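# Summary of the model geometry
Letter by letter, the chains look like this.
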Amino acid sequence: MNDYARIEKAMAFMVAHAAQQPSLEAVAEQVHLSAFHFQRLFSRYVGVSPKRFLQALTLARGKQLIASSQSLADTAEALGLSGGSRLYDHFVTLEAVTPGEFKRQGEGVEIAYGVHPTPFGQVLVATTPRGICRMGFLAATPEAEILAQLAAEWPRCTLRHQPDATRYAVEALFEPPRSAAPGTLSLHVRGTNFQLNVWRALLMIPDGQLASYSHIAQWLGAPKSSRAVGNAVGANPVALWIPCHRVIQQSGALGGYRWGLEVKRQVQAWEAAQHLESSDSA
């Protein structure tokens, strides 16, 4: 069992048993490590201690939900200036497929792809020369299906298995040291104008915070479009970097997630734990 697989199994165990608040020793036993070695491994790859991760799991989801009386953009700006929060839109550039690229159907474009481990399971990452065009969890969508989707969207492209060219998309999220300032990361995605606007809105939700579908609809100036927003969130082609995991129902219920609700719980807890850590150290 590799390190990422151990972290994935430990997180799943903690999510399933959060109400019982399992001890460090109990979680370490699940991945066949001593408590000492598990603590070091988990903290290295997740960026927080197992105890902090459990604390984040027990937080009321409603406390993380952005207040509806404050616009999403205002919230993001305020939290971004507070020092500890990372705003994705500060260093993630989302570029749409141009009409010319659409017409050429990927002719002359090489798409590199590779499969990489993460604490939440294996992901397939695909990149064009302009950025990440696809990132999805294989537990939810098999590799062959993702590649078939890419081939359908870019029928004249050349698909090449080049994991060395795609590894950066995962390393930028998980590889220590996480405190290093990230460079600009580009996404190159295809969608309708409405989908692109929704995905850009998702980039405005800060780390450790959640927004509802109705918040995003209001921010887009279309308050009655919550259902359409939900469909656009569900069509997100780039897991994690376009943070659709930060969107929940207005009631505080988890809502859907195209890569599985267990993964959504884990990712939310991971981000909330890091947010708690940065708040305490501020």
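All values derive from a computational prediction rather than experimental measurement. Along each chain, numbering runs from 1 in the same order as the chain's sequence is written. Only residues with pLDDT of at least 70 get local features here, since the model is predicted, and only at 80 or more are side-chain atom pairs given and counted; chain-wide, interface and lining totals rely on the full set of residues. Processing note: side-chain calculations cover all non-hydrogen atoms of the structure and skip hydrogens and water entirely.

## Side note on unusual backbone geometry
What you tend to see is this: most non-glycine residues have negative phi, and most peptide bonds are trans. Stated precisely, the cut-off is as follows: By the criteria applied, helices consist of DSSP H or I runs no shorter than four residues and strands consist of E runs no shorter than two, each listed in order from the N terminus.
We note that His 32 has phi near 60°; this positive angle belongs to a residue other than glycine. Mapped onto the elements, His 32 comes out in the loop between helix H2 (24-30) and helix H3 (35-46). A positive phi angle, near 55°, is found at Gln 105, a position not held by glycine. Mapped onto the elements, Gln 105 comes out in the loop between helix H7 (99-104) and strand E2 (110-116).

## A short note on the packing of helix H1 (residues 3-16) against H3
Spelled out, the test is: Between the N-to-C directions of two axes lies an angle of 0 to 180 degrees, each axis being a line fitted to C-alpha atoms and, for a helix, fitted only over the stretch in contact. Geometric relationships in this document are graded by angle, where less than 35 degrees denotes roughly parallel, more than 145 denotes roughly antiparallel, 65 to 115 denotes roughly perpendicular, and other angles denote oblique. Throughout, a residue-residue contact means that at least one pair of heavy atoms, one from each residue, lies within 4.5 Å. Residues are sorted three ways: Asp, Glu, Lys and Arg are charged, Ala, Val, Leu, Ile, Met, Phe, Trp, Tyr, Cys and Pro are nonpolar, and all the rest, Gly among them, are polar.
Following both chains from N to C, one finds H1 and H3 inclined at 95°, their axes separated by 10 Å at the closest point. Viewed along their axes, H1 and H3 adopt a mutual orientation that is roughly perpendicular. Of the residues in H3, those touching H1 at Asp 3, Tyr 4, Arg 6, Ile 7, Ala 10, Met 11 and Met 14 are Phe 38, Leu 41, Phe 42, Tyr 45 and Val 46. Grouping the amino acids of the contact of H1 with H3 by side-chain chemistry returns 10 nonpolar, no polar and 2 charged.

## As for the confidence of the model for the protein chain
Basically, it comes down to this: A score between 0 and 100, pLDDT records how confident the predictor is in each residue.
Averaged over every residue, the pLDDT of the protein chain is 82; residues scoring 70 or more account for 82%. For the protein chain, the element scoring lowest by mean pLDDT is helix H5 (residues 61-64), at 46; strand E3 (residues 123-128) scores highest, at 97. Note that pLDDT drops below 50 for residues 66-70; the model gives that stretch 12 contacts with residues more than four away or on any other chain. Under a pLDDT of 50 for its full length, residues 78-90 has, in the predicted model, 27 contacts with residues more than four places off or in other chains.

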